[in-house]
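# Summary of structural features
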Amino acid sequence: MLSANRRLVALLLLTSVSPTVEAAVVVSLGFVAAQGLAPQTAAVWPYDTYHDLRWLYVYHDSWPSFVSWLSALVVARGLFHTLLVVLAWPGEVPRPPVRWLLRRNLGLAALVAVFVAPWALISVAASVVALSWVLLASVVPMFLLAPFLQRAAVLAPWWRGLPSISLVGWSLLNFVVLTMAGALCWSLPGWWTVPVATVAGVINGLLWNRIIRTALVNPATRWAWVPATPVAVVLALAVPLLIPVLVDAVPGKDLRAEAVVLDRPLPPDVPQAVIVLAGYGSSYGGEQPPDERVERFSYRGLSSHGAPLPYGSRDTAISVADSVRLLDEQVRRLHQRTGRPIALVGESEGAMVARSYLQQGAHPAVDTLAMFSPLINAGRAYYPPPRENRGFGVATGWQLRLAFGAVRLVGGPHTGPDEPFIRSLVDDAPFYRNQLMCPVPGIRMVAFIPTTTAAEAPPGEYSRIPVFEMPGVHGGLLNRSLVADRLLAFLSGEPIRHERDEYPLLQRLGAAWQAPPLPIAANPAWSRFQQPDPAFTGKVCQPAG
């Protein structure tokens, strides 16, 4: 039998190999957007399974490939964890037979995959819609479940009682290490990513050693009669429902961008007439703005008299192409009525519609676009329409449909992954990934970006137009007076730009928790697009070819 020191060395070698290999492969491919994921390949449960399932959900292309790769990953994790547990087992504690550990870890690998699958699925959904709260809804449950699952490989019964404070502390350190390692892997140039991943693997080995020892040497648990792990799983399932409520409670969340120009007359030095495009889930009762130069864009179109029709939240689910058609008609009617150039002010979905309108050939009267909370780098994953049974993410699409269906059954919103607007993000992803934040000749542009946007996409250059970065959440303004002043100054012709120092840091800290993007060139459904891929270049607005 190996001595304790030799077993520790073997453990560290074993946990350093897989991060090193993944980092080397990713760097050799130039896949810069996925560099932050490599340290998680040897992380402690559940983060390693979270890593595996995100790759699987994005990259499988049929049901047979999904099932076969899922089975292979579960078996591989069970075997790998058995080796790690054997090597990390403290010498002063009698160890059960390896066969017992193997059976236990194979079963737990399957169980953990079931526990983690919903959150990996939400992570992929976050890469489609580019919303930070969706990503947060996938990461927080991992953090909550980790101390309960990390004792499961060695303790029986592992599902009862609270984990010790020490185990919670090591679990917290595990999360911090993975976050910092992901940030470093992305920040360092080229092949320097590989040694960082190797060091992260060594630290993962030390954490495996300490967590196994902590669970075995101090196995006493508080509230041993309470089924704490099932309770934690139920609480984790509630996180995606609670986070939107918490986001809505953020001060300033209801201070929408459209209110800046809809609630008061425009200053005389603003030369344009303005169309304000509200975001997804908004509604409009037909109220007239105090300034006749301002109109609310209607997702239902115009009346026979040219007035924007009232609309409900469900009307915002129409495709971007349909919204662009309605916007073009409204631009023409407003320009005909006022004789003024047209400025577009769009928020969230409204920003995507306005930018797509410019791309497809806007009316010559349009000369200005201000975007609030655009969905930056949306469409980084794909799933086929329901009628198709092959294609990247086919199982992901059906599992998302089931998940949204379950949410509807318990009184959740009547939304889904196949809504026309969401389908637009998926089908036209190369445009949104590479050109959304690019300048358009003859158009003055600016984007107001809340701080949380930094966590919505992999690090890297995200804009070639002026940006005004500001504290806030998606669709909310924490400082309405500042934003109102800057927007009106921009409409009056003043150039504005403000970049916050913490924004690039937040981008890097989020790198470890993004789902890996699907390369544009790999997906036949995107073959009509000839777009460079920011996932490999780290830059947007690159010319085709």
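Scroll up a little and you will see the structure.
Residues numbered from 1 in each chain as written. Predicted model: local features only at pLDDT ≥ 70, side-chain atom pairs only at ≥ 80, totals over all residues. Heavy atoms only, no water.

## Quick look at the pattern of salt bridges
Between side chains of opposite charge, a pair can form as their charged atoms come close. Tallied over the full model, the rule gives 18 salt bridges. Its salt-bridge partner being D427, residue R423 comes within 3.1 Å of it at the nearest N-O pair. Placement of the pair is R423 and D427 together in helix α13 (residues 420–427), with a separation of four residues, close to one helical turn. On the accessibility criterion, R423 (11% relative accessible area) is buried. A single network of salt bridges, built from pairs that share partners, joins R401, D418, R423 and D427. (Salt bridge = Lys/Arg side-chain N within 4 Å of Asp/Glu carboxyl O. Helix = DSSP H or I, 4+ residues; strand = E, 2+ residues; numbered from the N terminus. Buried < 20%, exposed > 50% of the residue type's maximum accessible area, 1.4 Å probe, protein only.)

## Looking at the packing of helix α2 (residues 47–59) against helix α3 (residues 63–88)
To characterise two packed helices, one gives the angle between the axes of the helices and the distance between these axes. One can describe the packing of α2 onto α3 by two numbers: an axis separation of 11 Å at closest approach and a directional angle of 160°. Our classification of the angle between α2 and α3 gives roughly antiparallel. The element α2 and its partner α3 pack so that their crossing is right-handed. Of the residues in α3, those in contact with D48, H51, D52, L53, L56 and Y57 of α2 are F66, W69, L70, L73, R77 and H81. For the contact of α2 with α3, the per-class residue count stands at seven nonpolar, two polar and three charged. (Axes fitted to C-alpha atoms, helices over the stretch in contact; angles between N-to-C directions. Parallel < 35°, antiparallel > 145°, perpendicular 65-115°, else oblique. Left-handed = near helix turned anticlockwise from the far one by under 90°. Contact = heavy atoms within 4.5 Å. Nonpolar A, V, L, I, M, F, W, Y, C, P; charged D, E, K, R; others polar.)

## Thoughts on the pairing of strand β5 (residues 444–450)
For β5, a buried count of six out of seven residues is recorded, marking the element as mostly surrounded by other parts of the structure. Pairing of strand β4 (residues 366–372) with β5 involves five bridges; the strand directions are parallel. The residue bridging T368 from the neighbouring strand is R444, located in β5. Where β5 meets strand β6 (residues 467–470), four bridges bridge the pair, whose relative direction is parallel. When the sheet's bridge partners are listed, I449 is paired in β6 with E469. (Pairing = 2+ DSSP bridges.)

## Comments concerning the packing of aromatic side chains
Applying the stated criterion across every chain yields a total of 19 aromatic pairs. Ring pairing ties together the aromatic residues Y47, Y50, F143, F175 and W513, which thus form one cluster. Sitting above the plane of the W398 ring, R401 keeps its charged end 4.6 Å from the centroid. Above the face of the F490 ring, R444 is positioned so that its terminal group lies 4.2 Å from the ring centre. (Phe/Tyr/Trp six-rings, centres within 6.5 Å; stacked < 30°, edge-to-face > 60°. Lys NZ or Arg CZ within 6 Å of the ring centre and 35° of its normal.)

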